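# Fold and geometry: a report
For reference, the chains in residue letters:
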Amino acid sequence: MQRRAGFGARLVLLAGAWIAGVALQLQQRALWSTETYQLILAGGLCCGAIGWAGWRGRGALAAACLGVLLTAHGATGLRAALRLADALPAAIEGRDLVVSGVVAGLPQRSAAGLRFRFETDAAMLDGQPVTVPALLTVGWFKGQHEDAVLSEPQAELRAGQRWRFTLRLRRPHGSMNPHGFDYELLLFEQGVRATASVRDAPLPELLQRAAGYPVERLRQRVRDAIEASVPDRRAAGVLAALAVGDQGAIEREDWDLYRNTGIAHLVSISGLHITMFAWLAGSLIARLWCRSRRATLWWPAPLAAAWGGLACAGAYAVFSGWGVPSQRTICMLAVVTLARSGGVRWPWGLVLLASAVAVTAFDPWALLQAGFWLSFGAVGLLMASAPRQATRVVEPVSGWRGWTARAWTAWRADLRTQLVATIGLTPLSLVFFQQVSVVGFAANLIAIPVITLVITPLALLGVAFVPLWTVGAWVVQGLNGVLASLVVMPAAVWLVPVAPAWAQLAGLLGALLAVLPLPWRVRVLAVPLLIPLLLPPRDVPAEGRFDVVALDVGQGSAVLVRTRAHLLVFDAGPQYARESDAGQRVVLPLLRARGEARIDRLVLSHRDIDHVGGAAALLKAMPVQELMSSLEPDHPLLRLAPRTTRCEAGQAWEWDGVRFEMLRPPIDDYARPMKSNAMSCVLRVVGAGAGAPSVLLTGDIERDQELALLAHVPGVLRSDVLIAPHHGSKTSSSDAFLDAVAPRVAVFQARYRNRFGHPAPQVVERYRTHGIATASTPGCGAWTWRNGAVGEARCEREVARRYWHHAADYHE
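Conventions we followed
Residues numbered from 1 in each chain as written. Predicted model: local features only at pLDDT ≥ 70, side-chain atom pairs only at ≥ 80, totals over all residues. Heavy atoms only, no water. 1 Å grid on protein atoms, 1.4 Å probe; cavity = no way out; pocket = protein on both sides within 12 Å on 5 of 7 lines; lining within 4 Å. Points joined across faces, edges and corners; volume = space filled by probe spheres on them. Nonpolar A, V, L, I, M, F, W, Y, C, P; charged D, E, K, R; others polar. Pairing = 2+ DSSP bridges. Helix = DSSP H or I, 4+ residues; strand = E, 2+ residues; numbered from the N terminus. Axes fitted to C-alpha atoms, helices over the stretch in contact; angles between N-to-C directions. Disulfide = S-S within 2.5 Å. Buried < 20%, exposed > 50% of the residue type's maximum accessible area, 1.4 Å probe, protein only. Contact = heavy atoms within 4.5 Å. Parallel < 35°, antiparallel > 145°, perpendicular 65-115°, else oblique. Left-handed = near helix turned anticlockwise from the far one by under 90°. Polar contact = N/O pair within 3.5 Å; in protein donor to acceptor, adjacent residues only side chain to side chain. Salt bridge = Lys/Arg side-chain N within 4 Å of Asp/Glu carboxyl O. Phe/Tyr/Trp six-rings, centres within 6.5 Å; stacked < 30°, edge-to-face > 60°. Lys NZ or Arg CZ within 6 Å of the ring centre and 35° of its normal. Patch = residues over 30% accessible without salt bridge, like charges linked within 9 Å, V, L, I, M, F, W, Y side chains within 5 Å. Areas by Shrake-Rupley, 256 points an atom, 1.4 Å probe, with all protein chains shown as cover. Core = buried A, V, L, I, M, F, W, Y, C linked by side-chain atoms within 4.5 Å.

## A few points about empty space enclosed by the protein
A complete count under the given rule lists two cavities of 30 Å³ or more for this structure. Empty space within the largest cavity amounts to approximately 80 Å³. Together, Ser557, Phe570, Asp571, His611, Leu697, Thr698, Gly699, Asp700, Ile723, Ala724, His727 and Gln749 line the largest cavity. Looking at the lining of the largest cavity residue by residue, the classes come out as four nonpolar, six polar and two charged. In this structure, the second largest cavity occupies an estimated 40 Å³ of space.

## Re the sheet that holds strand E13 (residues 567-570)
If you trace the eight strands from one edge of the open sheet to the other, you get E18-E17-E16-E13-E12-E11-E26-E27, paired in mixed fashion. This sheet does not close on itself; its edge strands, each paired only once, are strand E18 (644-646) and strand E27 (793-795). Strand-to-strand, the axes of this sheet are offset by a mean angle of 15°, without reference to chain direction. As judged from the three bridges shared by E13 and strand E16 (residues 601-604), these two strands associate in the parallel manner. Paired with Val569 across the bridge in E16 is Leu602.

## Let's talk about the state of the cysteines
Here the structure, examined in full by the defined rule, presents two disulfides. With its sulfur 2.2 Å from that of its partner, Cys647 forms a disulfide with Cys681. Taking the sign of the S-S torsion, about 100° here, the bridge from Cys647 to Cys681 comes out right-handed. With Cys647 in the loop between E18 and strand E19 (652-655) and Cys681 in the loop between strand E20 (658-664) and strand E21 (682-686), the pair connects residues that are 34 residues apart, well separated along the chain. Considered together, Cys647 and Cys681 belong to a single accessibility category, that of buried residues. A sulfur-sulfur separation of 2.1 Å characterises the disulfide bridge that pairs Cys780 with Cys795. Judged by the sign of its S-S torsion, about -100°, the cystine formed by Cys780 and Cys795 is left-handed. Taken together, the positions of Cys780 in helix H26 (residues 777-780) and Cys795 in strand E27 put the pair 15 residues apart, joining distant regions of the chain.

## A look at the sheet that holds E20
Taken in spatial order, the seven strands line up as E19-E20-E21-E22-E23-E24-E25 in an open sheet, and their pairing is mixed. The outermost strands of the open sheet, each flanked by one partner alone, are E19 and strand E25 (773-776). Averaged over neighbouring strand pairs, the angle between their axes works out to 20° when direction is ignored. Direction of pairing for E20 relative to E21: antiparallel, over a ladder of five bridges. When the sheet's bridge partners are listed, Arg664 is paired in E21 with Val682. Packing against the sheet, helix H25 (residues 761-769) makes contact with strand E23 (721-723), strand E24 (745-748) and E25, and its axis sits at approximately 165° to E24.

## A word on the packing of helix H15 (residues 440-461) against helix H16 (residues 467-487)
As a packed pair, H15 and H16 sit with axes 9 Å apart at the nearest point and diverge in direction by 165°. When the axes of H15 and H16 are compared, the pair comes out roughly antiparallel. When the axes of H15 and H16 are compared, the crossing they make is left-handed. In this structure, H15 uses Ala443, Ile446, Ala447, Val450, Ile451, Val454, Ile455, Leu458, Ala459 and Leu461 to contact H16, whose residues at the interface are Leu468, Trp469, Val471, Gly472, Val475, Val476, Leu479, Val482, Leu483 and Leu486. By residue class, the composition of the contact of H15 with H16 is 19 nonpolar, one polar and no charged.

## Observations concerning the environment of Lys675
Within the secondary structure, Lys675 is located in the loop between E20 and E21. Only 3.1 Å separates the side chain of Lys675 from the side chain of Glu702, close enough to count as a polar contact.

## Digging into the pattern of salt bridges
Across all of its chains, the model carries 35 salt bridges by this definition. The shortest N-O distance in the salt bridge between Arg162 and Asp121 comes to 2.2 Å. One end of the pair, Arg162, is in strand E6 (residues 162-170); the other, Asp121, is in strand E3 (residues 113-125), and 41 residues separate them in sequence. Using a relative accessible area of 22% as the deciding quantity, one classes Arg162 as partly exposed. For Asp121, a relative accessible area of 45% corresponds to the partly exposed category. Linking Glu253 and Arg234 is a salt bridge whose minimum nitrogen-to-oxygen distance equals 3.8 Å. Placement of the pair is Glu253 in helix H7 (residues 252-260) and Arg234 in helix H6 (residues 233-244), with a sequence separation of 19 residues. Because the salt bridges share partners, they merge into one network encompassing Arg538, Arg562, Arg594 and Glu596.

## Quick look at the packing of aromatic side chains
A full pass over the atoms with the stated rule returns 23 aromatic pairs. Summarising the aromatic geometry, the rings of Phe116 and Phe118 are spaced 6.2 Å apart at their centres and angled 85° between planes, so their arrangement reads as edge-to-face. Over the face of the ring belonging to Trp520 we find Arg523, whose NZ or CZ atom lies 4.8 Å from the ring centre. Looking at Arg601, its charged tip hangs above the ring of Trp653, at a distance of 4.1 Å from the centre.

## Remarks on a nonpolar patch on the surface
A cluster of nonpolar side chains, contributed by Val438, Trp494, Val524, Leu525, Val527, Ile531, Leu534 and Leu535, occupies part of the molecular surface with about 720 Å² of accessible area. With three residues, the single largest contributor to the nonpolar patch is helix H19 (residues 526-534). Position of Leu535 among the secondary structure elements: in the loop between H19 and strand E11 (547-550). The exposed category is assigned to Leu535, whose relative accessible area is 58%.

## Notes on the nonpolar core
Ile226, Val230, Leu239, Tyr258, Ile263, Ile451 and Leu483 are the most contacted members of the largest nonpolar core, which totals 36 residues. Counting residues per element, the ones that place at least two in this core are helix H5 (214-229), H6, H7, H15 and H16. With sequence-adjacent residues up to four places away left out, Ile263 is seen in contact with Tyr258, Ala443, Asn444, Ala447, Ile451 and Leu483.

## Examining unusual backbone geometry
Following Ala201, the chain continues into Pro202 via a peptide bond in cis, with omega recorded as -10°. Residue placement: Pro202 occurs in the loop between strand E7 (194-198) and strand E8 (205-208). Omega for the peptide link from His758 to Pro759 comes to -10°, which places this bond in the cis form. Relative to the elements of secondary structure, Pro759 occurs in the loop between E24 and H25. A positive phi angle, near 55°, is found at Asp126, a position not held by glycine. Inspection of the secondary structure assignment puts Asp126 in the loop between E3 and strand E4 (128-129).

Okay, structure coming up:
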């Protein structure tokens, strides 16, 4: 027994060394040379060989662990280098190329058009062949989207078809905001090394209807059949997500409902679905196998069931899109099945570690995904907290009393499982998402059996018998009704700001103590450990000081100004598409991560969609005490605010020792026909005390409005920070205006490679001529100025840089 325990401890150390090697590589800001990783890998293999040769000694064990760590680090670095090598050449970025290839996955439809994966096989520029990345994410947009074209996205576009498009390619580039979603990591993990938009000339051409990807073509047919058979689009989206893994088919309002009730993991193909499918398939195979004497003599029924269940689960995972959660689950099931086939009875902790090694060997970047930790955390908590089995033998009870007893036992087990998962995973949910559903316990008790035992089987069986999809839609509608009644309860969702690292670690330890089968005098220690995570401390500016965050929202503007006890939001960012905007995707998540409970004043500088596109989402999702704007009186946004005020020059107020001064527009301009840019609210914020910090927020004013400011308020323009007028357009930032403001830093908010050319190169050069440091959000990400102090300004893209991030120029 002692020898077996020592062997298990060695395996734990080796598995931990592998995961540590992968984790260390993922922290690199830039990759080393390929030769360096090759040397690291070779060194790791040598150390591993030395450790294996002298397995019993402590020095040999240390060598083996070091060898595994170096091997993991070197292998991950080599894979990353190979993936980065498949990059879009800078010389052809933004050029229109003629590219042919195959649609490599299910096209995602939205109000803005189509998005799809495209596997390229040839590309031409001005009649000459060029090299482009093997896999692209392509958008074929319409309507008001910035990359929209006149040709409508073709309804006949299907997975597996070969097309020829005129594409405009960009390197992978996403918004970079504090605590925000890392879009560039997602594309890197999936092997997508460029994004593209369809252009009109020449028009897209379908070359071949069935050129490859037979599984994707089958998934497309099933999804189309569901949509044709189920009139309710919301229910059809859920059935498509469960049948073929098309999560994009679920409506945005339904995603909000499922997230707020804590069941979002159930409506995407997750480990729960794959494991349940493997168990059901294995049970059926075992029953059939036992009916054949010859089969049982050839191979034991338990092994046949295990391998058959694994094979069926793998087929289901492939059919449902082979997403990252499915890959993780198949790896875990494969490890368990292999261990069982080899007669190895590992403890649950060792099985989890071996599964984690398999997953990270297959996909190292899974370590950075919340789903990895939630999946392994849920399984580990359930195994670790399992009560010890009773040793006494209980005689089975027959008849209705036996059924009742078994049902009661099963119900108690399910209740305990859900309670352990809810308590144990709450800290992880707070760490990754800064929210937890208070009604999630009740919602999951209802949703888990309904979705896993009713809706998912109906979604799959409907492939063979279509009317079952209609029945499934009825069940989805009923479940949505129940969930909607839960989510409207008071305090249905608990929101917290991002906690410091020490509070996160303490909270995770507290959750572990709460669910482990330990004495209550030990479990009670979980309470003080959880408090810092549930009620984390907030870092707010001192009296008379303020923080500024110029968000990275793409082609638009949104700025946060936080004093000690008040929050002002200046503009709300653009609307990206009919169902997507910066308020919902960028501003709200950041406000919640910062622990903001309300917006004291929302200032909308003018009516342009790149400044007010996210305002409706903010007004609907968060208490806004007052809306100040230059909007016309009948603008629909004004009806969403409890109190509205018109921007007028001369207005001023003070919060926490910080003074706010409205400099434009003058009241007379409201009576004149003016361009929307000319009506921009201009706000100056100035702190108190010696060296008082100041910032000037200018909206989209142009040269005429700059001259008007110089004529009417020349003495109050000087500011430390200038949010550059009109995103750095040629029509703004005149020499006289820059002389009057004399900022130390100017910030340009614009989209990467936007069609307007913002900020204009000659404007950036003008700032530099005036000795003004500049930063632009495409290269800087969100720009943060803490307490108005010199040296406390930072670019989020620089702070959070990893090797997969796009390194764009941010001026400096």
